[in-house]
Structure formats: C-alpha cells, structure tokens
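Chain and residue survey
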Amino acid sequence: MLKGKTGIAALDWIADQLTHPEWNGFTFYDFIFPLFLFIAGVSLTFSLNKGRSMGFSKFNLYRKTFIRMLILILLGILYKNAPIPFFEPDQIRLGSVLGRIGLATFVSTLLFLNLDFTKRLVTGLGILLLYYAALYLIPVPGFGAGDLSIEGNLVGWFDRTFLPGRMLQGNYDELGILTQIPALCLTLFGTLAGEILGKAWLDNRKIKYLALAGILGIAVGLLWSLHFPINKHLWTSSFILLTSGMAFLFLLMFYLVIDVWKIRKWAFFFQVIGLNSLTVYFAYSFINFNYTSTKLFGGLYAPLPEDWHPVFQAFGAFMLVWIFLYILYRLKIFVKV
C-alpha cells in the first residue's frame, strides 16, 4: 500500500518485500510461512520432551499429534473455503496453511521420536535431494523431465492428476501434494534447533551451533539455487535451505535478546499475538476489521489524499486486532489445538 506514495526508495523496497515473486525469486514475504513451519518444529521438541517426561508413551504422543493434524486439516479447509460449497465438491480447495502445518508436525513427531539428531538431519537433507532429483528426472507428459516452468513442472502435473477439488493457481496448488514433502523439512530442521536450545550442556555452544547452521543453510541454499532456482511456489530444495538458514539466525537473534541479554519487555506486543495466533488467523477471515476501522477512524484521515486512505484503514484494523487479542489475553482465553 505504501509503494509509490512517498517517493522514498527505501519504503518502496520494503513494500516490494511484502509481495510474492511471480515465479522464481525471493522476498521477505516468502519467509513468513517457512518460519511458522520451522518454529512449529522448535515448539514440538519441547512439547514432546515434556510429554515423555510425564510418562506418555510413544503411541499416546502419536495419537495426540495425529488428532491435532486432523483438526488443523479440517480448520484449514474451512478457512480456505468458507462458505464451503458442500454441493460443489470440485470447488473445495484442500490445500491450506493449517493443513500443511498439521501434516509437517505429525511426520516430524514420528521422526523425532524414532531418530536421533544426526539421523533427522540426514533424513531432511535426503528428502531435499530426492525432491531435487524428482523434479529434474521424472518426465511430465507433454513437457519432458526437468521443466520448472509454471506450465510444465512435475508439481503442477501431480496436482492436476491426483489432487481433487479447486487449485489455487488453476493448474497447480503451491499447498498441494508434492510440495508437502520438502516443506516438512522446515519443521524437521526446527526440531534440530529445538534440541540445540534444550540441551543444558550446550549452554556455551548454542550460539555457535545456531549461527553455524544458519550460515550454512543460507550459503548452501544460494549455491544450490544456481541450478535449482529459489521458488516458493515449488518449495524448491534451495528455497527450503535458504529459509531454514534464515530461521536459525532469527531464532539465534531472539535467543540472544530474550534469554541471554534478558531484554524482554518489547516482546509483550508479540506475545499477545503469538498466544492466540490461531484466533487471529481465523478472526481476519470472519470479522471485517477493515470495515470497523473505517467506521471508527475514517473521519480522522478523510482530509488526507485518497490514495493514503487504505494505508490508515489497514493500520487501524491492525490496532483493533491487537486490542481484541489483548482483551483475550487479559481474560486468559487462549485458543489452541
């Protein structure tokens, strides 16, 4: 919304970072969902270790995570399709952000409870190598092997052939079937970061290991991108390693600020949002905060140039969302799955 309104090149660049590239390439906006998947893995580590310390069996932990996966898949379908076209099943979109988190968390649970740190790392890298090989070696009817274009890639063909319902991009869905495979590596790598944070005997080396993982992930991702382009739509292996590396460094930054330097007051604003992240995700879909923002604040920005109105409307809506979440926080109402 800010692009082109101020004449300030830096603000225009920031605005560009809040959009997705049309195909190949990378912006900061592409990093948000991978970061969620990565943090889900970090959280999963502490949750499963707590469950084991309380005496829960593997089966109980599997069942709990499986039920959570099913709930997230159903909530994801509701979010992406409301109102759901029950009598037109071919118009229902099955791919969703919540479903992807649920699936990645369940598979990562299976791997975390049965493989050690090194084996999970090797498994994640092996998945990325196999995905790379599949996209380059498996021929797509009418296009052949190794075609990474919008029309000819293996991911799109697989979705068109095996994914029922509506697809986001028409001829493929970036949250479809095949892209789930490399995406779950982000959560798997998140369990590695969580294990590094949770090891008391690593206190003097946590910073070094997190920094090393972050730098290596970014470096290898960029190097790999010379042949396997960074592409969020295809969730390419280079994209996974780049965003994993960035996530390790983000985690390191917050670990330093909050746990090492004890600078915590600033985090309250984000804590209010994070404790009810599922609530705010659905609230934006079912509550028209933009309408309320216009009703409450429209008179304040009415004298300003009209092309600035959407900016202030969006800012007002964001403030209303935070106030809504803060009220839930004070009432100790936290919606979790």
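Residues numbered from 1 in each chain as written. Predicted model: local features only at pLDDT ≥ 70, side-chain atom pairs only at ≥ 80, totals over all residues. Heavy atoms only, no water.

1. Brief notes about the packing of aromatic side chains
Counted by the stated rule, this structure contains 36 aromatic pairs. Between Trp224 and Phe228 the ring centres are 6.3 Å apart and the planes differ by 55°, which places this aromatic pair in the tilted class. The buried category is assigned to Trp224, whose relative accessible area is 16%. When the centroid spacing of 6.2 Å and the interplanar angle of 80° are considered together, the rings of Phe268 and Tyr326 count as edge-to-face. Of this pair, Phe268 sits in helix H10 (residues 268-274) while Tyr326 is found in helix H13 (residues 309-330), placing the two residues 58 residues apart along the sequence. Tyr326 gets classed as partly exposed once you look at its relative accessible area, which sits at 26%. Connected via pairs of aromatic rings, a cluster forms that spans Phe254, Trp266, Phe268, Phe269, Phe270, Phe318, Trp322, Tyr326, Tyr329 and Phe334. (Phe/Tyr/Trp six-rings, centres within 6.5 Å; stacked < 30°, edge-to-face > 60°. Buried < 20%, exposed > 50% of the residue type's maximum accessible area, 1.4 Å probe, protein only. Helix = DSSP H or I, 4+ residues; strand = E, 2+ residues; numbered from the N terminus.)

2. As for the nonpolar core
Membership of the largest hydrophobic core comes to 54 residues, with the highest contact counts inside it found for Leu37, Phe38, Phe189, Leu210, Trp235 and Ile240. At the level of secondary structure, the elements contributing two or more residues to this core comprise helix H2 (32-53), helix H4 (97-112), helix H5 (117-137), helix H6 (154-162), helix H7 (180-198), helix H8 (206-224), helix H9 (237-260) and helix H11 (277-286). With eleven residues, H9 is the largest single contributor of residues to this core. The residues contacting Ile240, other than those within four sequence positions of it, are Leu128, Pro182, Ala183, Cys185, Leu186, Phe189 and Trp235. (Core = buried A, V, L, I, M, F, W, Y, C linked by side-chain atoms within 4.5 Å. Contact = heavy atoms within 4.5 Å.)

3. What about H9?
For H9, which comprises 24 residues, the first-to-last C-alpha distance of 33 Å matches the rise-based estimate of 34 Å (1.5 Å per residue) to within 8%. Across the 24 residues of H9, 17 count as buried, placing the element largely inside the fold. Remark: Lys262 follows H9 within two positions and exhibits a positive phi of approximately 60°. (Expected span 1.5 Å × (residues − 1).)

4. Topic: the pattern of salt bridges
Under the criterion given, the structure shown has four salt bridges. Across the pair Asp173 and Arg93 runs a salt bridge whose closest N-O atoms are separated by 2.7 Å. With Asp173 in the loop between H6 and H7 and Arg93 in the loop between helix H3 (58-81) and H4, this pair connects stretches of sequence that are 80 residues apart. As far as burial versus exposure is concerned, Asp173 and Arg93 are alike and both buried. (Salt bridge = Lys/Arg side-chain N within 4 Å of Asp/Glu carboxyl O.)

5. Quick look at the packing of H8 against H9
Close contact between H8 and H9 brings their axes to 7 Å; oriented N to C, the two are set at 155°. Relative to H9, H8 is oriented roughly antiparallel. In this structure, the crossing between H8 and H9 has a hand that is left-handed. Along the lines of polarity and charge, the residues of the contact of H8 with H9 split into 18 nonpolar, six polar and one charged. (Axes fitted to C-alpha atoms, helices over the stretch in contact; angles between N-to-C directions. Parallel < 35°, antiparallel > 145°, perpendicular 65-115°, else oblique. Left-handed = near helix turned anticlockwise from the far one by under 90°. Nonpolar A, V, L, I, M, F, W, Y, C, P; charged D, E, K, R; others polar.)

6. Some remarks on unusual backbone geometry
With an omega of -10°, the peptide bond running from Ala82 to Pro83 counts as cis. Relative to the assigned elements, Pro83 resides in the loop between H3 and H4. Positioned with a positive phi, Lys262 is a non-glycine residue whose angle comes to about 60°. Within the secondary structure, Lys262 is located in the loop between H9 and H10. When its relative accessible area of 53% is taken as the criterion, Lys262 is described as exposed. Of note, Lys332 is a non-glycine position whose phi angle comes to about 60°, a positive value. Of note, Lys332 is situated in the segment after H13. You can call Lys332 exposed: its relative accessible area is 67%.

7. Here we look at the confidence of the model for the chain
On average, residues of the chain carry a pLDDT of 91, and 95% of them reach 70 or more. Confidence, read as mean pLDDT per element, is least for helix H1 (residues 9-16) in the chain (67) and greatest for H5 (97). (pLDDT = per-residue confidence, 0-100.)

8. Observations concerning H2
Taking 1.5 Å as the rise per residue, H2 with 22 residues should run 32 Å; its terminal C-alpha atoms sit 32 Å apart, in good agreement. Taken together, the buried positions of H2 are Phe33, Pro34, Leu37, Phe38, Ala40, Gly41, Val42, Leu44, Thr45, Leu48 and Gly51. On its buried face, H2 sits against H3, H4, H7 and H9.

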